[in-house]
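Here is how the chains run, residue by residue.
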Amino acid sequence: MARFSELTGPTVPAEPEVVTRIDAGQRRRRFWFRVQFVLVWVVLIGLLVGALWASDKIDPSFIGTWAPFILAGAGLTIIICAGSIVLATGLALVGAIARLSPNPIIYSVASLYVSIVRGTPLLVQIFFIYFALPQLGIVLPALPAGIIALGFNYGAYMTEIFRAGIQAVPRGQREAAEALAMPEGLVMRRIVMPQAIRIVVPAIGNEFIAMIKDSALVSTISVTELLWRASSVGNQNFRTLETLLIAALVYWLLTMVFSLFQERLERRMARSDR
Amino acid sequence: MTEPIVRVTDLHKYFGHLHVLRGVDLEVGRGEAVMIIGRSGSGKTTLLRCINFLAEPTLGAVEVDGLRVEADPLGRRGRQHRGEIRQIRLRAGMLFQEFNLFPHMSVLQNLIEAPVRVRGLARDEAVALAERYLAKVGLMDKRDEYPARLSGGQKQRTAIARALCMEPKVLMFDEPTSALDPELIGEVLNVMEDLAHEGTTMIVVTHEMHFAREAADRVVFMEEGQIVEQGPPERVLDDPQDARTKQFLRRFLEVGTVPGHEEQPGHVHKHEGDPGHRHAAGEPAAWDAQTPR
């Protein structure tokens, strides 16, 4: 602004006061939007909790006794998610490059992986790895079995996301790198991949959030994670309302924390972006 | 002509069954600035892209600074051919219409990436080199900016510095100002003109006739995948011999547009009376002061 007025000289009048007022107005509206957002959430959630309380069907002492036991399962849920995320991301990176490979064997192996995993239910995959593989002599403890099943499953979906991301990097980027005599691998690693990852972060974030929730399926092979604890305590005491509410609340909080983290990451990357 | 740095021999390029280059022979001497003109679709860009093998020629050979590489359209020579192509690319730098800076890297990172990882320079060596060329294109103050914060003209000047950091034997420009707003063209042409006068070997595909007249040692007119006429700018541009060259230039001067490029009116004498055009490359022009956004 200062530069502009320097260039055009003293003929330009001072900034009219209305500009400041418009700016202040915008800021005020944004502030009140946020305040109302928080208020609406607090009121709605308060009503819900109040109604449950008023129904007198909730037993606070039961919650007090068992909540710590259920919450302890959150740690395992987080471990499952972290493990599967690492596995899925690795598989997806390799899978995406393979799906773009001109080599027919590499391409078909990767395509078969994506096709099988996307074409069968996750629950079947979990059961297969935990219950069926031992029949072939491969016995896996429940936790690694669950992590492998989730990682394989999400790896396939993310393969397709990464592939689309790589293809979305403008061709000129690759050409410019090649024109600088960069070998193929370097072009991929230093120029294409970093940009592809920026492109796919929002989509991958959604996958991770879905994965946090799908980790509940691992309770079916008696991994003592969040849902397993919630439902076993609930079933034994015939109080599933309380225990499932606790489990749901924890899943919700986990996904919210993750979304927040994702938003930050996106904003940070946007700074250098195009 | 001095000893040739680039020698293109009977080069042909087919896209499918479309015969785009129909036997091009071209020699470029050390320190020479060759400008290639011609209507859209005449094969100018394809010729440049075949010289550094961004497009694999179908027939013929390319020689840059003593390294001769034959077309290998069927990929018979595999890895060896790819190795030779990289050697050619080390010798021949290229500038693009769309700049193609790496958006996830700062200006400095853009400049040192290939020198460090391809040429194997030490990082501080590469930085020193990058700073020298940044100063040359007048963008020292943009060293740590990201490309998104640069104007089009600044982007192209950064791209020129990036190519110079590879210290190539020849620089190829593919319509370097076609994607620029008219008021930003001058700053890029200035840098190029300085390079030409310093004896940088250049091959430039351009529609800027005024620039070609000023900076070219030789103008090459292409039509339908062949070189129709070439010679000193004053001869080719003012006294063309071939009927096709005459027709192209007549249409160009009458309409003020390149046939097939009607969206860019008033191309011809743009730089006359353009105050930005004459400023030295080292000093920032008035528009440098305003960062976009």
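About the thresholds
- Residues numbered from 1 in each chain as written.
- Chains lettered and ligands numbered in written order.
- Predicted model: local features only at pLDDT ≥ 70, side-chain atom pairs only at ≥ 80, totals over all residues.
- Helix = DSSP H or I, 4+ residues; strand = E, 2+ residues; numbered from the N terminus.
- Buried ≥ 20, exposed ≤ 12 C-beta atoms within 10 Å, placed from the backbone.
- Rg over C-alpha atoms; globule rule 2.2 N^0.38 Å.
- Contact = placed C-beta atoms within 7 Å.
- Pairing = 2+ DSSP bridges.
- Axes fitted to C-alpha atoms, helices over the stretch in contact; angles between N-to-C directions.
- Parallel < 35°, antiparallel > 145°, perpendicular 65-115°, else oblique.
- Left-handed = near helix turned anticlockwise from the far one by under 90°.
- Nonpolar A, V, L, I, M, F, W, Y, C, P; charged D, E, K, R; others polar.
- Domains from an automatic or database assignment.
- Core = buried A, V, L, I, M, F, W, Y, C linked by C-beta atoms within 7 Å.

1. Let's talk about the overall build of chain B
Per the secondary structure count, chain B includes nine helices and ten strands. Sorting the 293 residues of chain B into buried and exposed places 46% on the buried side.

2. Re the overall build of chain A
Along chain A, the regular secondary structure elements total ten helices and zero strands. If you list the helices and strands of chain A from N to C, you get α-α-α-α-α-α-α-α-α-α. In terms of overall size, chain A is more extended than a compact globule, its C-alpha atoms giving a radius of gyration of 26 Å where 274 residues would be expected to give roughly 19 Å. Sorting the 274 residues of chain A into buried and exposed places 28% on the buried side. Contacts in chain A between residues far apart in sequence, at least 24 positions, make up 74% of those at least 6 positions apart.

3. Here's the deal with the sheet that holds strand β6 (residues 92-95) of chain B
Residues and elements named next belong to chain B. Strand order in the open sheet made by the six strands is β6-β7-β8-β3-β9-β10, with mixed pairing throughout. The open sheet has two free edges, formed respectively by β6 and β10 (226-231), since each of these has just one partner strand. Averaged over all adjacent pairs, the angle separating strand axes in this sheet is 20°, with direction ignored. Summarising the sheet, strand β3 (residues 33-37) and strand β9 (residues 218-223) pair through four bridges and their orientation is parallel. Its bridge partner lying in β9, Ile37 is registered against Phe221. Lying over the sheet, helix α5 (residues 152-164) contacts β6 and β7 (170-174), oriented at roughly 170° with respect to β6.

4. What to know about the packing of helix α3 (residues 107-117) of chain B against α5 of chain B
Residue and element names in this part refer to chain B. Between α3 and α5, the least distance of the axes is 8 Å, while the angle of their chain directions is 25°. Classified by the angle between their axes, α3 and α5 sit roughly parallel to one another. Considering only the axes of α3 and α5, their crossing is right-handed. Residues Val107, Asn110 and Leu111 of α3 form the contact with α5, whose own contacting residues are Thr158, Ala161 and Arg162. The residue makeup of the contact of α3 with α5, split by class, is three nonpolar, two polar and one charged.

5. Here's the deal with the domain arrangement of chain A
A common way to state how big an interface is: give the accessible area lost once the parts meet. Looking at chain A, the domain boundaries give domain 1 (14-56) and domain 2 (62-272). If you average the C-alpha positions of domain 1 of chain A and of domain 2 of chain A, the two centres end up 35 Å apart.

6. Thoughts on the sheet that holds strand β5 (residues 67-70) of chain B
Residues and elements named next belong to chain B. Spatial ordering of the open sheet is given by β2-β1-β4-β5, a layout of four strands whose pairing is antiparallel. Each end of this open sheet is capped by a strand with a single partner; those strands are β2 (18-29) and β5. Between one strand and the next, the sheet's axes are offset by a mean angle of 15°, whatever the strand orientation. Pairing of strand β1 (residues 4-15) with strand β4 (residues 59-64) involves five bridges; the strand directions are antiparallel. Its bridge partner being in β4, Thr9 is matched across the sheet by Ala61. Those strands touched by helix α2 (residues 78-91) are β4 and β5, and its axis lies near 130° from that of β5.

7. Topic: α3 of chain B
Along α3 of chain B, the residues classified as buried are Val107, Asn110, Leu111, Ile112, Glu113, Ala114 and Pro115 of chain B. Check the buried side of α3 of chain B and you find it contacts α8 (184-214) of chain A together with α4 (123-136) and α5 of chain B.

8. A short note on the environment of Ala74 of chain A
Its location among the elements puts Ala74 of chain A in helix α3 (residues 60-99). Sequence-wise, Ala74 of chain A and Thr220 of chain A are 146 residues apart; in three dimensions their C-alpha atoms are separated by 16 Å.

9. Focus on the nonpolar core
Within soluble globular proteins, side chains that are nonpolar generally end up buried alongside one another. The biggest cluster of nonpolar side chains holds 132 residues, and the ones touching the most others in it are Met35, Ile36, Val170, Met172, Met202 and Ile203 of chain B. By residue number, the principal contributor to this core is helix α6 (residues 142-168) of chain A, which donates eleven residues. Dropping the residues within four chain positions of it, Met202 of chain B is found in contact with Ala33, Val34, Val170, Leu171, Phe173, Leu195 and Ala196 of chain B.

10. A short note on the packing of α3 of chain A against helix α4 (residues 104-119) of chain A
Residue and element names in this part refer to chain A. Running from N to C, α3 and α4 cross one another at 130°; their axes reach a closest spacing of 8 Å. On the basis of the axis angle, α3 is oblique to α4. With respect to the hand of their crossing, α3 and α4 are arranged in left-handed fashion. Two secondary-structure elements touch here, α3 through Gly95, Ala98 and Arg99 and α4 through Ile106, Tyr107, Val109, Ala110, Ser111, Tyr113 and Val114. Residue classes in the contact of α3 with α4 are distributed as seven nonpolar, two polar and one charged.

11. Here's the deal with unusual backbone geometry
All names here are of chain B. Of note, Phe99 is a non-glycine position whose phi angle comes to about 65°, a positive value. By the C-beta count within 10 Å, which is 24 here, Phe99 ends up buried. Although it is not a glycine, Glu224 sits at a positive phi angle of roughly 50°. Following the sequence through the fold, Glu224 ends up in the loop between β9 and β10.

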